[in-house]
Amino acid sequence: MPESTIMKNFLTFVFLPMGILFALNAHGHESQPGRLDLRQIAEDRYEVIWRAPIYYGRPHPARLELPQDWQDMAEPTERRLPDSQVFRRIVAVGDGGVEGSVLRFQRLESTITDVFVRLNRLDGTVMTAVARPSKPYVQLRGERSLATMAADYIGLGFHHILQGIDHLLFVMGLLLIVKSRAILVKTVTAFTVAHSITLAIATLGYARVPIPPLNAAVALSILFLGPEIVRSWRGETSLTIRFPWVVAFCFGLLHGFGFASGLTTTGMPKSELLPALLFFNLGVEMGQLAFVFTALALVRSFKILDVRWPRWAELAPGYAVGSFGAYWTIQRLAIMLAA
């Protein structure tokens, strides 16, 4: 069985159910991290702002749990924004200060959300940390080591792309078009270079794209690949089929702004800007390569086992990519116009 046919069937039986699940629940890119800001306003008092991202169209299930000896000094407030819920409190932490205190996020382990925590002290020092579903708490302490910071941002980038089903579906669409290993390397490299450029531009503040039209444009890029996959299956040709790395580069510039949203929303301190950009991008690349290598390994396994598929399974991938792209494009345009 031709390797291209095996790749198509891989999408049908492995990726197609994932796409249906996310398409039915997704309202844009759903891998935005949460954010907790603690700002010292007096010797023993802090302003606590917990920004919980909207989770698949609903309030986020995670709840912030502060240490028991922290006392509210004002009535807590809550505000609903289009992309998050914002909870604000003023607390007294006592004579012991915040050093060593543990902040927990109840029910974070049942989600796929990371939470970026930032502590700003009156003396100008900043502490940052990341809570994850696998470790739903942070301990407040001095500045992080470079190794800890690298692990946090690499993990953030890795999780961001693996939770971004739209980005992965675009990569899968490219895999279905390429005809050889050499072209695959060119295509993946072009996509990597392109999104690294716009990720850096957006993170450094030189350009910014509003999230609603960006999400719609990302969906449109997936819709674009659907007919190209069908043409490739029929043995036809086009600019995309002959030079997929050109399309990967052009749309990669667009996807880079999407990756940037996962980093810029963390509110990272300026002192961490460059290392955060480097390590986050490294995490994105690691996640992307893990996805590509997993897909190719499964394709190789199907080929060795000489798996036979029904005829309809060979036709489904191109139409599936186009259908999901069309669905997300319409959905996100509706969200953008309703805002």
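The structure under discussion appears in the preceding block.
Predicted, not measured: the structure shown is a model, and the values here were computed from it.

Asker: Looking at this structure, I do not really get the packing of helix H5 (residues 211–233) against helix H7 (residues 244–264). What am I missing?
Answerer: Between two packed helices, both the angle of their axes relative to each other and the distance between the axes serve to describe the pair. Contact geometry of H5 with H7 gives a least axis separation of 10 Å together with a crossing angle of 145°. In the packing of H5 onto H7, the handedness of the crossing is left-handed. Contact with H5, carried on its side by Ile-211, Leu-214, Ala-217, Val-218, Ser-221, Phe-224 and Leu-225, involves Val-247, Phe-251, Leu-254, His-255, Phe-257, Gly-258 and Ser-261 of H7 and no other residues of that element. Its residues assigned to classes, the contact of H5 with H7 shows ten nonpolar, four polar and no charged.

Asker: In this structure, what is going on with unusual backbone geometry? I would like to understand it.
Answerer: The bulk of non-glycine residues show a negative phi, and the bulk of peptide bonds are trans. Phi at Arg-107 is positive, roughly 70°, even though this residue is not glycine. Along the polypeptide, Arg-107 turns up in the loop between strand S7 (102–106) and strand S8 (115–120). For Arg-107, a relative accessible area of 51% puts it in the exposed group.

Asker: Mind showing me how you'd approach the environment of Thr-189 here?
Answerer: Within the fold, Thr-189 resides in helix H4 (residues 181–203). A C-alpha to C-alpha distance of 8.0 Å links Thr-189 and Trp-245, two positions 56 residues apart in sequence.

Asker: Would you take a moment to explain the pattern of salt bridges for this structure?
Answerer: Opposite charge on two side chains lets them pair, provided their charged atoms get close. Evaluation of the coordinates by the stated rule reveals nine salt bridges. A salt bridge links Arg-35 to Asp-37; the nearest nitrogen and oxygen atoms lie 2.7 Å apart. The closest approach of N and O atoms between Glu-47 and Arg-39, which form a salt bridge, is 3.1 Å. One continuous salt-bridge network, built from bridges that share partners, spans Arg-39, Glu-47 and Arg-88.

Asker: Which parts of the structure should I look at to understand the sheet that holds S7?
Answerer: Whenever strands of a sheet pair, they do so through backbone hydrogen bonds, lying parallel or antiparallel. Strand order in the open sheet formed by three strands is S3-S7-S10, and the pairing between neighbours is antiparallel. Of all strands in the sheet, those with a lone pairing partner are strand S3 (63–65) and strand S10 (137–139), marking the two edges. With direction set aside, neighbouring strand axes in the sheet form an average angle of 15°.

Asker: Looking at this structure, I do not really get the pairing of strand S5 (residues 77–80). What am I missing?
Answerer: One face of the sheet, then the other: side chains in a regular strand alternate in exactly this way. Where S5 lies against strand S6 (residues 84–92), four bridges are found, and the strand directions are antiparallel. By the bridge assignment, Arg-80 is partnered in S6 with Gln-85. Connecting S5 to the next strand, S6, in antiparallel fashion are three residues.

Asker: Which parts of the structure should I look at to understand the packing of aromatic side chains?
Answerer: Under the counting rule described, the total for this entry stands at seven aromatic pairs. Ring geometry for Phe-116 versus Tyr-153: centroids 5.8 Å apart, planes at 35°, classification tilted. One end of the pair, Phe-116, is in strand S8; the other, Tyr-153, is in helix H2 (residues 146–163), and 37 residues separate them in sequence. Per residue, the accessibility class of Phe-116 equals that of Tyr-153, and both read buried. Where Phe-170 meets Phe-251, the ring centres are 5.8 Å apart and the plane angle is 75°; that geometry is what we call edge-to-face. Of this pair, Phe-170 sits in helix H3 (residues 165–177) while Phe-251 is found in helix H7, placing the two residues 81 residues apart along the sequence.

Asker: Before we go on, may I ask you to explain a nonpolar patch on the surface in this structure?
Answerer: On the surface, a cluster of nonpolar side chains totalling about 650 Å² of accessible area is made up of Val-193, Ile-197, Ile-201, Leu-204, Tyr-206, Phe-249 and Leu-274. Sort the elements by how many residues they give to the nonpolar patch and H4 lands first, with three residues. Looking at where Phe-249 falls in the secondary structure, it is placed in helix H7. For Phe-249, a relative accessible area of 32% translates into the label partly exposed.

Conventions and cut-offs
- Residues numbered from 1 in each chain as written.
- Predicted model: local features only at pLDDT ≥ 70, side-chain atom pairs only at ≥ 80, totals over all residues.
- Heavy atoms only, no water.
- Axes fitted to C-alpha atoms, helices over the stretch in contact; angles between N-to-C directions.
- Helix = DSSP H or I, 4+ residues; strand = E, 2+ residues; numbered from the N terminus.
- Left-handed = near helix turned anticlockwise from the far one by under 90°.
- Contact = heavy atoms within 4.5 Å.
- Nonpolar A, V, L, I, M, F, W, Y, C, P; charged D, E, K, R; others polar.
- Buried < 20%, exposed > 50% of the residue type's maximum accessible area, 1.4 Å probe, protein only.
- Salt bridge = Lys/Arg side-chain N within 4 Å of Asp/Glu carboxyl O.
- Pairing = 2+ DSSP bridges.
- Phe/Tyr/Trp six-rings, centres within 6.5 Å; stacked < 30°, edge-to-face > 60°.
- Patch = residues over 30% accessible without salt bridge, like charges linked within 9 Å, V, L, I, M, F, W, Y side chains within 5 Å.
- Areas by Shrake-Rupley, 256 points an atom, 1.4 Å probe, with all protein chains shown as cover.

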